[in-house]
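Chain residues, written in single-letter form:
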Amino acid sequence: MTDINAAQSSEYNQSRLFLVPLDGSHAAESVLGLVEILAAGLPARVLLLHAIERKAQPRIHQERHLTTKEEALLYLNEIAEGLEKAKISVNVHVHENGVSDVGESILEHAAETNPDLVIMCTHGSGGLHGFLFGRIAQQVLKNGRWPVLMIPSNAAVSSRFDNILFPLDALHEHQMAMAFILPFIQAFNAALHLVAVVPTTDSVSGRETLSRRLMPSATRAMLDLAAQGTSKYLQNMSEDLLRQNIVTTTTVLRGDVVEKLIERASEISPDLIVISGHAKAGIDALIEGSIGQQLVEKSRAPLLLLKIDR
């Protein structure tokens, strides 16, 4: 197995750039505490972005809505001043031509600036603040190539990253994802918790459901073998990390994937949950009614979604 080492993550150095879209709402601003922690700890530069929406109303659901370039710049500069007090390098940009698709505008600016991370809030009050629900975050992840950090507006944001939860399986190559999160682990001296969930005969889904009905004993044996193989896979990965003095735990659980991941998250109270998936296998599996989306809805921890191209 290829060693996971710092050389793999050398591109994520002090030139890191975080793209942070803001719409003027208090919900969107809930990401700023974590932005400050990450940007100072890694470190990274921050680009605050606001896209003025076409035919926007001045107020939406009791929240102000930035409708001109002047007020948007004033707002972003106020936010920037707060981050600069923490010695973080900040730039601001207002997309002043009215847009009807905020997600597309974020993608365009990401293509121009090539950020290492796009940081967004997942919840809001609705209406034209739609990206706060995660819809636009999903759009950015699905149609872009950039990692997305989604932060629930009610997230329990810690001043440290003591525990990082990384769910994975033995079917996909996770080295690229590991190379990306390695700086997070090293910068905050975090413990990495590797967890995999293998279904039981009662919790299998999809095509395996038919096998369970027709061949219950064979299905049970197949799943038991999968659990053994997954355990060995996690152990090999753990040994690579432990050689680099990274505190690592490995856990193989049996049952429903989301249910068990939520249970594990409640046990360790992670400061970050990492979900990775291969673009060719369909990133939709991460964000549309599946693991990533359900974790966002049920967990208060920030969720880092990594799209791995092969």
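Residues numbered from 1 in each chain as written. Predicted model: local features only at pLDDT ≥ 70, side-chain atom pairs only at ≥ 80, totals over all residues. Heavy atoms only, no water.

## A closer look at the packing of aromatic side chains
Then comes step 1: All told, the structure shown has 2 aromatic pairs when counted by the stated rule.
Then comes step 2: Here Phe161 and Phe188 contribute two aromatic rings whose centre-to-centre distance is 5.0 Å and whose plane-to-plane angle is 40°, an arrangement assigned as tilted. Of this pair, Phe161 sits in the loop between β7 (148-151) and β8 (163-167) while Phe188 is found in helix α6 (residues 175-188), placing the two residues 27 residues apart along the sequence. In this structure, Phe161 and Phe188 share a single accessibility class: buried.
Then comes step 3: When the ring of Phe180 is compared with that of Phe184, the centres are 5.9 Å apart and the planes differ by 35°; the resulting orientation is tilted. Note that Phe180 and Phe184 are positioned in helix α6 at a spacing of 4 residues, about one turn of the helix. (Phe/Tyr/Trp six-rings, centres within 6.5 Å; stacked < 30°, edge-to-face > 60°. Helix = DSSP H or I, 4+ residues; strand = E, 2+ residues; numbered from the N terminus. Buried < 20%, exposed > 50% of the residue type's maximum accessible area, 1.4 Å probe, protein only.)

## Let's talk about the nonpolar core
It is characteristic of soluble globular proteins that their nonpolar side chains tend to be buried jointly.
Then comes step 1: In this structure, Phe18, Leu22, Val46, Leu48 and Ile181 are the most contacted members of the largest nonpolar core, which totals 58 residues.
Then comes step 2: It is α6 that contributes the most residues to this core, 8 residues altogether.
Then comes step 3: Those residues in contact with Val46 that sit more than four places away from it in its chain are Leu17, Phe18, Val20, Val35, Ala39, Leu83, Ile88, Ser89, Val90 and Asn91.
Then comes step 4: If you look at the next biggest cluster of nonpolar residues, it comprises 28 residues, including Leu19, Leu47, Val148 and Leu165. (Core = buried A, V, L, I, M, F, W, Y, C linked by side-chain atoms within 4.5 Å. Contact = heavy atoms within 4.5 Å.)

## Points about the side chain of His50
Then comes step 1: Here His50 lies in strand β2 (residues 45-53).
Then comes step 2: On the basis of relative accessible area, His50 is assigned to the buried category, the value being 2%.
Then comes step 3: Polar side-chain contacts of His50 include one of 2.9 Å to the backbone oxygen of Leu22.
Then comes step 4: Residue contacts for His50: discarding those within four places in its chain leaves Leu22, Asp23, Leu66, Ala72, Leu76, His93, Val94 and His95. (Polar contact = N/O pair within 3.5 Å; in protein donor to acceptor, adjacent residues only side chain to side chain.)

## A word on the pattern of salt bridges
Then comes step 1: The final tally for this structure, using the stated rule, is 3 salt bridges.
Then comes step 2: Residue Glu267 pairs with Arg264 through a salt bridge whose shortest N-O separation is 3.0 Å. Taken together, the positions of Glu267 and Arg264, both in helix α9 (residues 257-268) and 3 residues apart, correspond to about one turn of that helix. (Salt bridge = Lys/Arg side-chain N within 4 Å of Asp/Glu carboxyl O.)

## Section: the side chain of Asp23
Then comes step 1: Mapped onto the fold, Asp23 is located in the loop between β1 (17-21) and α1 (26-29).
Then comes step 2: There is a polar contact of 2.8 Å between the side chain of Asp23 and the side chain of Ser25.

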